[in-house]
Amino acid sequence: MRHRRISTWCPDRTDPSWYARCSTNESKQDIDRQVRELKAAGATKIWMEYEHGDSPTKEQQDMMWDTVRPGDTVIITEPSRLSRSVQQFCQIVETIKAKRIRLHILGSITIDCRKDDPDPMTVAFLQLIAVFSELELSMIRSRVRSGVDNARAKGKQIGRPAL
């Protein structure tokens, strides 16, 4: 009887990189929802960090990008977890293309660059997602500023008490 050697390696079976991010520390923002969703999807190791969405450097995300290899998959809960800056998101798309990896957004879309670049409509859709993520950040900041101005107008102390 002749034995065939069966390869167990398959690009779809490589251990994906899972990423979660919140803007502020755990005492102000809860990252648990993202972690729970990623674990429910099969996450074993999750790159997590508390860093603002438009921050130019995200240490854990940068380390994740450094470790992914061609054929790997990165999984996130939503696009804004990667970045809330159109420029940064477009750079991330270029990284995905250059590294020949797949980006899977849970409950949404998968961008697969393992074999070739995404089609122009997919790239345009990703850019549109980035625009809305940045718009959402701008609207949040505007509401916060308005709330602070309103509180000051009412005579409330904003920020740390004077020493």
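The structure presented is a predicted model; accordingly, all values stated were derived computationally and were not measured.

Side note on the overall build of the protein
Thought 1: In terms of regular secondary structure, the protein is built from four helices and five strands.
Thought 2: Along the protein, from the amino end to the carboxyl end, the secondary structure elements read β-α-β-α-β-α-β-β-α.
Thought 3: By sequence separation, contacts in the protein at least 24 residues apart represent 63% of the contacts at least 6 residues apart.
Thought 4: In the form shown here, the protein has an accessible surface area of approximately 10,900 Å², with 53% of it arising from carbon and sulfur atoms.

Concerning the side chain of Lys 97
Thought 1: Inspection of the secondary structure puts Lys 97 in helix H3 (residues 86-99).
Thought 2: With a relative accessible area of 18%, Lys 97 lands in the buried category.
Thought 3: Within polar-contact distance, the side chain of Lys 97 engages the side chain of Glu 94 at 3.2 Å.
Thought 4: When sequence neighbours within four positions are dropped, the list of residues in contact with Lys 97 reads Cys 113, Asp 117 and Pro 118.

Let's talk about a nonpolar patch on the surface
Thought 1: A surface patch of nonpolar side chains, amounting to about 450 Å² of accessible area, comprises Leu 128, Val 131, Phe 132, Leu 135 and Met 139.
Thought 2: Examined against the element boundaries, Leu 128 turns out to sit in helix H4 (residues 120-153).
Thought 3: Overall, Leu 128 belongs to the partly exposed group, its relative accessible area being 43%.

Structural notes on the pairing of strand E3 (residues 73-76)
Thought 1: Here E3 shows a buried face lined by Thr 73 and Ile 75 and a second buried face lined by Val 74 and Ile 76.
Thought 2: Sheet topology places strand E1 (residues 17-22) next to E3; two bridges connect them, and they run parallel. Opposite Ser 17, over in E3, you have Val 74 as the bridge partner.
Thought 3: The sheet contact formed by E3 and strand E4 (residues 102-105) spans four bridges and is parallel. Bridge pairing in E4 links Ile 76 to Ile 105.
Thought 4: Following the chain from E3 across H3 to the adjacent parallel E4, one finds a crossover that is right-handed.

Focus on the packing of aromatic side chains
Thought 1: Overall, the coordinates contain zero aromatic pairs when judged by the stated rule.
Thought 2: Lying across the ring of Trp 47, Lys 45 places its NZ or CZ 3.5 Å from the centre.

Regarding unusual backbone geometry
Thought 1: Backbone geometry places Arg 100, a non-glycine residue, at a positive phi of 55°.
Thought 2: Of note, Arg 100 is situated in the loop between H3 and E4.

Here's the deal with H3
Thought 1: Taking 1.5 Å as the rise per residue, H3 with 14 residues should run 20 Å; its terminal C-alpha atoms sit 20 Å apart, in good agreement.
Thought 2: For H3, the complete set of buried residues consists of Gln 88, Phe 89, Ile 92, Val 93, Ile 96 and Lys 97.
Thought 3: Buried residues belonging to H3 abut helix H2 (59-67), E4 and H4.

Notes on the confidence of the model for the protein
Thought 1: The predicted model of the protein averages 85 in pLDDT, with 89% of residues at 70 or higher.
Thought 2: Per-residue pLDDT, averaged within each element of the protein, yields its smallest value for E1 (90) and its largest for E3 (94).

Things to note about the sheet that holds strand E2 (residues 46-50)
Thought 1: Spatially, five strands are ordered E2-E1-E3-E4-E5 in an open sheet, and the strand pairing comes out mixed. The strands lining the two open edges of the sheet, one partner per strand, are E2 and strand E5 (110-112). Sheet twist, expressed as the average angle between the axes of neighbouring strands with direction ignored, equals 20°.
Thought 2: By the bridge criterion, three bridges tie E4 to E5 in an arrangement that is antiparallel. Note that in E5 the partner of Leu 103 across the bridge is Ile 111.
Thought 3: Running over the sheet, helix H1 (residues 32-40) touches E1, E2 and E3 and is turned about 165° from E1.

Criteria and cut-off values
- Residues numbered from 1 in each chain as written.
- Predicted model: local features only at pLDDT ≥ 70, side-chain atom pairs only at ≥ 80, totals over all residues.
- Heavy atoms only, no water.
- Helix = DSSP H or I, 4+ residues; strand = E, 2+ residues; numbered from the N terminus.
- Contact = heavy atoms within 4.5 Å.
- Areas by Shrake-Rupley, 256 points an atom, 1.4 Å probe, with all protein chains shown as cover.
- Buried < 20%, exposed > 50% of the residue type's maximum accessible area, 1.4 Å probe, protein only.
- Polar contact = N/O pair within 3.5 Å; in protein donor to acceptor, adjacent residues only side chain to side chain.
- Patch = residues over 30% accessible without salt bridge, like charges linked within 9 Å, V, L, I, M, F, W, Y side chains within 5 Å.
- Salt bridge = Lys/Arg side-chain N within 4 Å of Asp/Glu carboxyl O.
- Pairing = 2+ DSSP bridges.
- Right-handed = clockwise from strand over helix to strand, strands pointing away.
- Phe/Tyr/Trp six-rings, centres within 6.5 Å; stacked < 30°, edge-to-face > 60°.
- Lys NZ or Arg CZ within 6 Å of the ring centre and 35° of its normal.
- Expected span 1.5 Å × (residues − 1).
- pLDDT = per-residue confidence, 0-100.
- Axes fitted to C-alpha atoms, helices over the stretch in contact; angles between N-to-C directions.

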